[in-house]
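Remarks on the overall topology
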There are 2 protein chains.
Amino acid sequence: MADLEAAERTDAFPVDRRNRVKRRPDRGRYDRASIYPILDAAMVCHIAYVLDGQPYCTPTGFWREGDTLYWHGSSASRMIERQGEGLPVCLTVTHLDAIVQARCGFNHSINYRSVMAYGTARMVEGEEAKLRAMDAFMDRFFPGRSKMVRPASRQEIKATSFVWMDIEQASGKIRDVPPHDDEDDYAVPAWTAMFPVRQIVGEPVECERQMPGLPRGSDTAEYQAGQRLDEILTRTYRQTFG
Amino acid sequence: MADLEAAERTDAFPVDRRNRVKRRPDRGRYDRASIYPILDAAMVCHIAYVLDGQPYCTPTGFWREGDTLYWHGSSASRMIERQGEGLPVCLTVTHLDAIVQARCGFNHSINYRSVMAYGTARMVEGEEAKLRAMDAFMDRFFPGRSKMVRPASRQEIKATSFVWMDIEQASGKIRDVPPHDDEDDYAVPAWTAMFPVRQIVGEPVECERQMPGLPRGSDTAEYQAGQRLDEILTRTYRQTFG
């Protein structure tokens, strides 16, 4: 048990004022075993950064390799122009899992899993590194797809930007609590429940110019209609990055 | 037509360097008729703010009243302690609508609706204003519920914090495009589709201490299993705020 705790400590990101969970610290997580799965179950993150004192919060597609996070941006965007210089950012991922009612306003809540990751953002530079990032981005969501499609042209590589940062610190937060109330309030005649929320994948809409007779590829095998996106993404992540 | 365009301009948030959509400006929206529905279909937003030069990106529950946004925070949180002073923030809402494949990496994309709203965050002050915010927050998601539950105690009001900001500027961005490729690439033998993604509400999990025989309340009428959360939230929003 002591060994396990030591291992968990070793596997944790350093904690200080920046990433310590202040509100409900009992729900805070700093170990990679808690933080990685929350990140790897998501496709979209929100990135906070500052330009001239003004904060911006930008949604974008991202993925993780070890302790490094990569995200997609365009050469045209304000964020990328400036973040390449090495800009402090906070990258946040949130999964909404349930809406939780109660018999007083105060005890209403939501169940969720979230991670806030801190680091210094820099551009992915060079044709080879950018091409590798393009392929990893595709394969992370659709395992093996980079080998199925037309390779990127130099012009496309030039027009695509990726940003990366090493996770210097991170905090995870998980709330998974059913409805509960103060003891006296169970006598309040208000029907009370928890409503689970899931991101679900629907039936694929095939390209109108699909090649006749072409079978569906193995890269989309996990994207079965009715499945949870977070579970699909966890599986495709493992297939590509192990 | 000229009148309609004038009305749309009148109804638009002012545009400058801060909120102009640079990447794919054709997808940018600045009029309230485009921006409000994206906000009102969401329960969770991400808020970017800066403390001592460090950006933070925090997820939280929020709602809109006119041009004012309100969000929930705790007196204990770092954000609230400081944002009450009047802190510049960017509040972002993102709906992921589909994952879109293509026959080259460059043309892969996602369909989405997002809003970035800019303003100066301040605390909701005073017992009466805080109580009104607590009720509005509950009713925005569960119309009429504030009248069904036990009224908030002074201690609960004290322990609850809300932040508000008037939207000074905002930009919306909508992408809703099926798979497409460069003309030559349609000959690439890669099965290609778009996968719709929806946040779906599941079967309610009733409180284990539900009062026997109590019927389900009208406040949860819209939360039918299998329905889209963004559509539910749009309807509950209209029921409460018209």
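In case you missed it, the structure is sitting above this.
Scope of this entry: the structure provided in the associated data block. (Residues numbered from 1 in each chain as written. Chains lettered and ligands numbered in written order. Predicted model: local features only at pLDDT ≥ 70, side-chain atom pairs only at ≥ 80, totals over all residues. Heavy atoms only, no water.)

**Some points on the overall build of chain A**
Scanning chain A for helices and strands turns up 6 helices and 10 strands. Along the first, second and third principal axes, the C-alpha set of chain A runs to 70 × 45 × 45 Å. Counted over contacts in chain A with a minimum sequence separation of 6, partners at least 24 positions apart contribute 72%. Accessible surface for chain A amounts to roughly 10400 Å². Of this, 51% is attributable to carbon and sulfur atoms. For chain A, the centre of its 32 positive side-chain charges and the centre of its 35 negative side-chain charges are spaced 3 Å apart. (Helix = DSSP H or I, 4+ residues; strand = E, 2+ residues; numbered from the N terminus. Contact = heavy atoms within 4.5 Å. Areas by Shrake-Rupley, 256 points an atom, 1.4 Å probe, with all protein chains shown as cover. Lys, Arg positive; Asp, Glu negative; His and termini not counted. Charge placed at Lys NZ, Arg CZ, Asp CG, Glu CD.)

**Considering empty space enclosed by the protein**
Taken as a whole and judged by the stated rule, the model has 1 cavity of 30 Å³ or more. Size it by volume and the largest cavity reaches roughly 660 Å³. Considering the residues around the largest cavity, the lining is formed by 40 residues, among which T94 and Q199 of chain A together with T94, L96 and Q199 of chain B are closest to the centre. Elements with a minimum of two residues in the lining of the largest cavity: β2 (44-51), β5 (87-100), β9 (193-201) and α6 (229-241) of chain A together with β2 (44-51), β5 (87-100), β9 (193-201) and α6 (229-241) of chain B. Split by residue class, the lining of the largest cavity holds 20 nonpolar, 10 polar and 10 charged. (1 Å grid on protein atoms, 1.4 Å probe; cavity = no way out; pocket = protein on both sides within 12 Å on 5 of 7 lines; lining within 4 Å. Points joined across faces, edges and corners; volume = space filled by probe spheres on them. Nonpolar A, V, L, I, M, F, W, Y, C, P; charged D, E, K, R; others polar.)

**A closer look at unusual backbone geometry**
Unlike most non-glycine residues, D52 of chain A shows phi in positive territory, near 55°. If you trace the backbone, D52 of chain A turns up in the loop between β2 and β3 (54-65).

**What to know about the interface of chain A and chain B**
Taken together, the contacts link 89 residues of chain A with 89 residues of chain B. Buried surface at the junction of chain A and chain B, summed over both partners, amounts to about 8000 Å²; 63% is from carbon and sulfur atoms. Remark: the boundary between chain A and chain B carries 6 salt bridges. Inspection of the region where chain A meets chain B yields 39 residue pairs in polar contact (both at pLDDT 80 or more). When grouped by side-chain class, the residues that make up the side of chain A that touches chain B number 49 nonpolar, 19 polar and 21 charged. Inspection of the sheet shows strand β10 (residues 205-206) of chain A paired to β9 of chain B by 2 bridges, in the antiparallel sense. Residue E206 of chain A lies in a different strand from β9 of chain B, and its bridge partner there is A193 of chain B. (Buried area = accessible area lost by both parts, 1.4 Å probe. Salt bridge = Lys/Arg side-chain N within 4 Å of Asp/Glu carboxyl O. Polar contact = N/O pair within 3.5 Å; in protein donor to acceptor, adjacent residues only side chain to side chain. Pairing = 2+ DSSP bridges.)

**Some points on the relation of the copies chain A and chain B**
For the pair of chain copies, the relating transformation is a rotation about an axis with a translation along it. When chain A is brought onto chain B, the operation consists of a screw motion whose angular component is 180° and whose axial shift is 0.0 Å, with 0.0 Å RMSD remaining. Such a turn and shift between the copies fits a two-fold axis. Across chain A, the rotation axis passes nearest the C-alpha of Q199 of chain A, at a separation of 2.1 Å. Taken as a fraction of all interface residues of chain A, those also at the interface in chain B reach 100%, which identifies the copy contact as same-surface. (Least-squares fit on C-alpha atoms with pLDDT ≥ 70 in both.)

**Overview of helix α4 (residues 127-141) of chain A**
For α4 of chain A, built from 15 residues, the straight-helix expectation of 21 Å at 1.5 Å per residue is met to within 8% by its first-to-last C-alpha distance of 22 Å. By the burial criterion, the buried members of α4 of chain A are K130, A133, M134, A136, F137, M138, D139, R140 and F141 of chain A. (Expected span 1.5 Å × (residues − 1). Buried < 20%, exposed > 50% of the residue type's maximum accessible area, 1.4 Å probe, protein only.)

**Examining the environment of M148 of chain B**
Residue and element names in this part refer to chain B. Here M148 lies in the loop between α4 (127-141) and α5 (154-159). Given a relative accessible area of 26%, M148 falls into the partly exposed group. Residues M148 and Y186, 38 residues apart in the sequence, show an inter-C-alpha distance of 58 Å.

**A few points about the packing of α4 of chain A against α6 of chain A**
Residues and elements named next belong to chain A. The geometry of α4 relative to α6 is characterised by a closest axis approach of 7 Å and an angle of 130° between their N-to-C directions. When the axes of α4 and α6 are compared, the pair comes out oblique. Residues A136, D139, R140 and F141 of α4 lie in contact with α6, whose contacting residues are L233, T236, Y237, T240 and F241. Classifying every residue of the contact of α4 with α6 by side-chain character gives 5 nonpolar, 2 polar and 2 charged. (Axes fitted to C-alpha atoms, helices over the stretch in contact; angles between N-to-C directions. Parallel < 35°, antiparallel > 145°, perpendicular 65-115°, else oblique.)

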